[in-house]
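Single-letter residue listing:
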Amino acid sequence: MAPSLFDDNGYQDVPNREVHTTDLSAADDRTLRMATPRVDAALLDALVRYQEAFLSHVGADPGAEALATAHRLAQESSGLNPKTLEQGVSLLRAFGGRRWTARKLDDKLRQLESQPASPQTDELATRLRGELVKQERATDALARRYGEDTLTLLKEHEARLVDLHTRMTGLLSQG
């Protein structure tokens, strides 16, 4: 007999925390979670291997031909199929971007707190703290889509992932 149309395939670990809110950003997380491969240490290692290989193969020439060749060689190095690779890289971009932004906000806040207090610095510090809270919430929201275990794993490797994110973004935004 065919599985039920309403079978959730074991994705009961994605609670609907937004029951009494107008925040619709989490509405599709459960569906998207079912379409995304689970990220474990082996998959994360393959994704990091892809990014490191990509960066090493591109070198100083960010032209279209070099990028295409670097992508092909890096994908071969990772051993991942194109769909899994793109889904994984998308996760790393989302996580890396949030963590990079949070780090920059935190650095700016520390610089500001070392300056003499004034109404302007107090107001800016308050705004920076608010933005930092938003980034932390957005990072935590990644767990809805990718799983608590995945987010924990990414946080364990945060420094390396943010470094790779910074280098990949720097390279790919040169165009």
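Residues numbered from 1 in each chain as written. Predicted model: local features only at pLDDT ≥ 70, side-chain atom pairs only at ≥ 80, totals over all residues. Heavy atoms only, no water.

Chemist: Please explain the overall build of the protein chain as it appears in this structure.
Modeler: From N to C terminus, the protein chain includes seven helices and zero strands. Within the protein chain, buried positions represent 36% of all 175 residues. Long-range pairs, those at least 24 residues apart, make up 71% of the contacts in the protein chain between residues at least 6 apart in sequence. When the accessible area of the protein chain is evaluated, it comes to approximately 11,000 Å², of which 53% is carbon and sulfur surface. (Helix = DSSP H or I, 4+ residues; strand = E, 2+ residues; numbered from the N terminus. Buried < 20%, exposed > 50% of the residue type's maximum accessible area, 1.4 Å probe, protein only. Contact = heavy atoms within 4.5 Å. Areas by Shrake-Rupley, 256 points an atom, 1.4 Å probe, with all protein chains shown as cover.)

Chemist: What exactly am I supposed to notice about the environment of arginine 127 here?
Modeler: Inspection of the secondary structure assignment puts arginine 127 in helix H5 (residues 119–146). When the C-alpha atoms of arginine 127 and leucine 109 are compared, they prove to be 9.5 Å apart, with 18 residues separating the residues in sequence.

Chemist: Can you help me understand the side chain of glutamine 51 in this one?
Modeler: Looking at the secondary structure, you find glutamine 51 in helix H2 (residues 41–58). Sequence-distant contacts of glutamine 51, that is, excluding residues within four places in its chain, are made with Leu92, Leu164 and Met168.

Chemist: What's the story with the environment of leucine 73 in this structure? I'm lost.
Modeler: Its location among the elements puts leucine 73 in helix H3 (residues 64–78). C-alpha of leucine 73 to C-alpha of tyrosine 50: the two residues are 23 residues apart in sequence and 8.6 Å apart in space.

Chemist: In this structure, what is going on with H3? I would like to understand it.
Modeler: Given a rise of 1.5 Å per residue, 15 residues ought to cover 21 Å, and the 21 Å separating the end C-alpha atoms of H3 matches this to within 8%. Ala66, Ala70, Ala74, Gln75 and Ser78 are the residues of H3 that are buried. Axial view of H3: buried residues confined to an arc of 160 degrees, hence all on one face. In H3, those exposed residues whose orientation departs by more than 90 degrees from the buried face are Ala64, Glu65 and Glu76. Looking at the packing, one finds that the buried side of H3 touches H2 and helix H4 (82–113). In the segment just after H3, glycine 79 is the residue with positive phi, at about 75 degrees. (Expected span 1.5 Å × (residues − 1). Arc of directions from axis to C-beta.)

Chemist: Help me understand the packing of H4 against H5, please; the structure alone is not making it clear to me.
Modeler: Between two packed helices, what matters for the description is the angle formed by their axes and the separation of those axes. At a minimum axis distance of 9 Å, the contact between H4 and H5 shows a crossing angle of 160 degrees. In terms of orientation, H4 lies roughly antiparallel with respect to H5. With respect to the hand of their crossing, H4 and H5 are arranged in left-handed fashion. Partitioned by chemical class, the residues of the contact of H4 with H5 number 14 nonpolar, five polar and eight charged. (Axes fitted to C-alpha atoms, helices over the stretch in contact; angles between N-to-C directions. Parallel < 35°, antiparallel > 145°, perpendicular 65-115°, else oblique. Left-handed = near helix turned anticlockwise from the far one by under 90°. Nonpolar A, V, L, I, M, F, W, Y, C, P; charged D, E, K, R; others polar.)

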